[in-house]
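The lines below spell out each chain.
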Amino acid sequence: MSQTQTAAPSGRGPYFDMSNLKGDLFGGLTAGIVALPLALAFGEASGAGPIAGLWGAIFVGFFAALFGGTGSQVSGPTGPMVVVFAGLYAALGGSPTLVFAAVILAGLLQILFGVLKFGQYVKLVPYPVISGFMSGIGVIIIALQLSRLFGHEPDGGGTIPAFTAVPGAVMDPNMTAVAIAVITLVIVFSWPKKFAAYVPGPLAALVIGTLISLVLPGAPVLGDIPTGLPQFVLPMFSTDTALVVLEAAFILAVLGSIDSLLTSLVADNMTRTRHDSDKELIGQGIGNAFGGLFGAIPGAGATMRTVINIRSGGRTRISGMTHALVLLAIVLSLGPLASQIPHAVLAGILVKVGVDTIDKSYLVRAHKGPRWDLALMVLVLGLTVFVDLITAVAVGVVLAALAFIKKLADDQIASVQQATPRQTSEEEVQILSRSGGRIMLFDFGGPLSFGAAADLGHHVRSRTGDKVEIIVLDFSRVPFVDVSAVRAVETIMEDAEDAGKQVYLTGMNDEVSRVLDRFATCDPAAGDRTFGNRIEALESALERLSKKPAPLPAE
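Residues numbered from 1 in each chain as written. Predicted model: local features only at pLDDT ≥ 70, side-chain atom pairs only at ≥ 80, totals over all residues. Heavy atoms only, no water.

**Side note on the overall build of the chain**
Secondary structure assignment for the chain yields 23 helices and six strands. A compact globule built from 555 residues should have a C-alpha radius of gyration of about 24 Å, whereas the chain, at 31 Å, is more than 25% larger. By principal-axis analysis of the C-alpha atoms, the chain measures approximately 105 × 55 × 50 Å. The buried share of the chain, reckoned over its 555 residues, is 52%. In the chain, once contacts between residues fewer than 6 apart in sequence are set aside, the share between residues at least 24 apart is 84%. (Helix = DSSP H or I, 4+ residues; strand = E, 2+ residues; numbered from the N terminus. Rg over C-alpha atoms; globule rule 2.2 N^0.38 Å. Buried < 20%, exposed > 50% of the residue type's maximum accessible area, 1.4 Å probe, protein only. Contact = heavy atoms within 4.5 Å.)

**A few points about helix α19 (residues 426–434)**
Residues Glu428, Ile431 and Leu432 constitute the buried set of α19. Considered in projection along α19, the buried side chains sweep an arc of 100 degrees and stay on one side of the axis. Away from its buried face by more than 90 degrees, α19 exposes Glu426, Ser433 and Arg434. Against the buried residues of α19 lie β3 (439–443) and α23 (534–546). The first or second residue beyond α19 is Gly436, which carries a positive phi of 65 degrees. (Arc of directions from axis to C-beta.)

**Considerations on the sheet that holds strand β5 (residues 502–506)**
Across the sheet, which stays open at both edges, the four strands sit in the order β3-β4-β5-β6 with parallel pairing between neighbours. Each having just a single partner strand, β3 and β6 (530–531) make up the two edges of the open sheet. Strand direction decides the pairing type here: β3 and strand β4 (residues 470–474), joined by five bridges, are parallel. If you follow Asp443 over to β4, its bridge partner there is Asp474. (Pairing = 2+ DSSP bridges.)

**Regarding a nonpolar patch on the surface**
Together, Tyr15, Phe16, Met18, Leu21, Leu25 and Phe67 make up a nonpolar patch on the protein surface, roughly 530 Å² of accessible area in all. Its place among the elements puts Phe16 in the segment before α1 (21–46). (Patch = residues over 30% accessible without salt bridge, like charges linked within 9 Å, V, L, I, M, F, W, Y side chains within 5 Å. Areas by Shrake-Rupley, 256 points an atom, 1.4 Å probe, with all protein chains shown as cover. Salt bridge = Lys/Arg side-chain N within 4 Å of Asp/Glu carboxyl O.)

**Points about unusual backbone geometry**
Although it is not a glycine, Lys117 sits at a positive phi angle of roughly 60 degrees. Here Lys117 is to be found in the loop between α4 (96–115) and α5 (119–122). Phi is positive for Arg272, which is not a glycine, with a value near 60 degrees. Considering the arrangement of structural elements, one finds Arg272 in the loop between α11 (242–271) and α12 (277–293). A relative accessible area of 30% places Arg272 in the partly exposed class.

**Structural notes on the confidence of the model for the chain**
Residue-level pLDDT values for the chain average 85, and 92% of them are 70 or greater. Averaged pLDDT values over the elements of the chain bottom out at 77 in helix α20 (residues 450–464) and peak at 96 in strand β1 (residues 75–76). (pLDDT = per-residue confidence, 0-100.)

**A look at the pattern of salt bridges**
This structure, assessed with the given rule, holds nine salt bridges. Its salt-bridge partner being Arg148, residue Glu153 comes within 3.1 Å of it at the nearest N-O pair. Glu153 sits in the partly exposed class, given a relative accessible area of 42%. The buried category is assigned to Arg148, whose relative accessible area is 10%.

**Focus on the environment of Ala329**
Along the chain, the position of Ala329 falls in helix α14 (residues 317–334). Of the residues examined, Ala329 reaches a relative accessible area of 42% and is grouped as partly exposed. Sequence spacing of Ala329 and Phe67 is 262 residues, and the spatial spacing of their C-alpha atoms is 22 Å.

**Section: helix α22 (residues 510–519)**
Those residues of α22 not exposed but buried are Val512, Ser513, Val515 and Leu516. Take α22 and look down its axis: the buried residues cluster within an arc of 165 degrees, on one side only. Along α22, the residues that are exposed and aim more than 90 degrees away from the buried face are Asp510 and Arg518. Two to three positions downstream of the cap, the backbone nitrogen of Glu511 sits 3.1 Å from a side-chain oxygen, assigning the N-cap of α22 to Asn509. (Polar contact = N/O pair within 3.5 Å; in protein donor to acceptor, adjacent residues only side chain to side chain.)

**Observations regarding the packing of α11 against helix α13 (residues 303–311)**
Taken N-terminus to C-terminus, the directions of α11 and α13 make an angle of 20 degrees; their axes are 10 Å apart at the nearest point. Relative to α13, the element α11 lies roughly parallel. Where α11 crosses over α13, the handedness of that crossing is right-handed. The residues of α13 that touch α11, namely those facing Thr263, Val266, Ala267, Met270 and Thr271, are Thr303, Thr306, Val307, Ile310 and Arg311. A per-class count over the contact of α11 with α13 returns five nonpolar, four polar and one charged. (Axes fitted to C-alpha atoms, helices over the stretch in contact; angles between N-to-C directions. Parallel < 35°, antiparallel > 145°, perpendicular 65-115°, else oblique. Left-handed = near helix turned anticlockwise from the far one by under 90°. Nonpolar A, V, L, I, M, F, W, Y, C, P; charged D, E, K, R; others polar.)

**Quick look at the packing of aromatic side chains**
Summed over the entire model, instances satisfying the criterion amount to 15 aromatic pairs. Seen in terms of ring centroids, Phe59 and Phe63 are 6.5 Å apart; in terms of plane orientation they differ by 10 degrees. Their pairing is stacked. Taken together, the positions of Phe59 and Phe63, both in helix α2 (residues 50–67) and four residues apart, correspond to about one turn of that helix. Neither residue differs from the other here; Phe59 and Phe63 are each classed as buried. Chaining the aromatic ring pairs together yields one cluster made of Trp55, Phe59, Phe62, Phe63, Phe67, Phe232, Phe290 and Phe294. Directly above the aromatic system of Tyr15 lies the positively charged group of Arg317, at a separation of 4.1 Å from the ring centroid. The cationic tip of Lys352 hangs over the ring face of Phe189; the distance from NZ or CZ to the ring centre is 5.7 Å. (Phe/Tyr/Trp six-rings, centres within 6.5 Å; stacked < 30°, edge-to-face > 60°. Lys NZ or Arg CZ within 6 Å of the ring centre and 35° of its normal.)

If you want it as structure tokens, here you go:
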């Protein structure tokens, strides 16, 4: 999508922009109505209860909007965050002091990410990795709801127990729950768009499914839901649980950051504005830290709710804050009515969320792109579903980085192996021709990656042979070098010295020259062998050769 900016970037102008107040209030109201069934469903799926989902939407939604860097973004519980939180909740036996300690710590880590300006690095995760773990999360969400569609609860936590519980649930269904689930699925997947402008599909499914359960009782329902303000949760953990809490907090912080910044990019494209990544991370962190103190599940930027907010007229932080206040009013006034909501209704709503989370747009086109990207996406998806998210993302990022370095190294080696370097001028070609093959020019063609540096000396040595007397290394398009590149240059110069050849260096910028001076042991940047450009180096080499006779051909 176009990145053209026609509005002031987030963070400029008045902190509370009242110029779009009517649109912001209506957008926030609409997003709040849409968020209600999702927050209930995410809260129930997390293990902490529906009310924890609502408080998560309220705390994260309000504070992320108030302090964040994306004006139109609506935040709250999301599928990825709930999947991680549900695993943490099960692993810690549902202990509030331990579970919400991880949520608070995750919020503090997000604030730290923002202060240290890590937002720019979060966006460097390759798309196949993002696609893989988002699709994997979608599969997990669906798997965790399959048993609930038949009126049963999955055995334990995790994807594998959820899958293994399905056959038993199918063989012993609660027919009332099945009927409500089918109706819910039909509504959320086929709700007419002309009605969605007034009543969102998930909300319609929630109301209709609940009314059916009142007429046809027998399906499991949520039961009593606490009303009023939330209780303060004092976080604490012991040395035995510290590792689990810290690991979960890190996963929640990283995942919430990625999820939020991806949603921020969607909001930018729709509103033609530009978000502040680091400020957004700080806002998300404040929301999660405050929410954790009051037993709320963690959240992040929610793409669907943000899109609905924007389409309904929301443009500034007022819309996100309004969304949270709408939910607060519902919690304080309508809590008792939510106790009659069937589990099957929320399960059906979450199945739709899971399907929407799967990156179908990439899956249908993946076979047209590079096979490596497809393989990487499938690997990350599998690791997400059957191992854990942090392993999936870590493995995906490392493999993607290695693959990129390999491609870059191959291109650099191919550039070195060319008989005539790229972008060689006619004058340079004439000088090389007049030398009779006794001068060889190597154009590195870009940054010297450590992947190419390992084989660089070998390829230069194999190409120069016995006839070449002067080697010219062109650094004109090398903006920087690392220790691996310095060692490669040293190897080239040592091999040349052993073979009685001269090495000229040309086009080095100040940084490259400084690094070579500091780290190299053979003084490669000595004044008599460094030149400002290739022409100077080639002319000097030709002049040097003209003062000595050409070598006799080997007998």
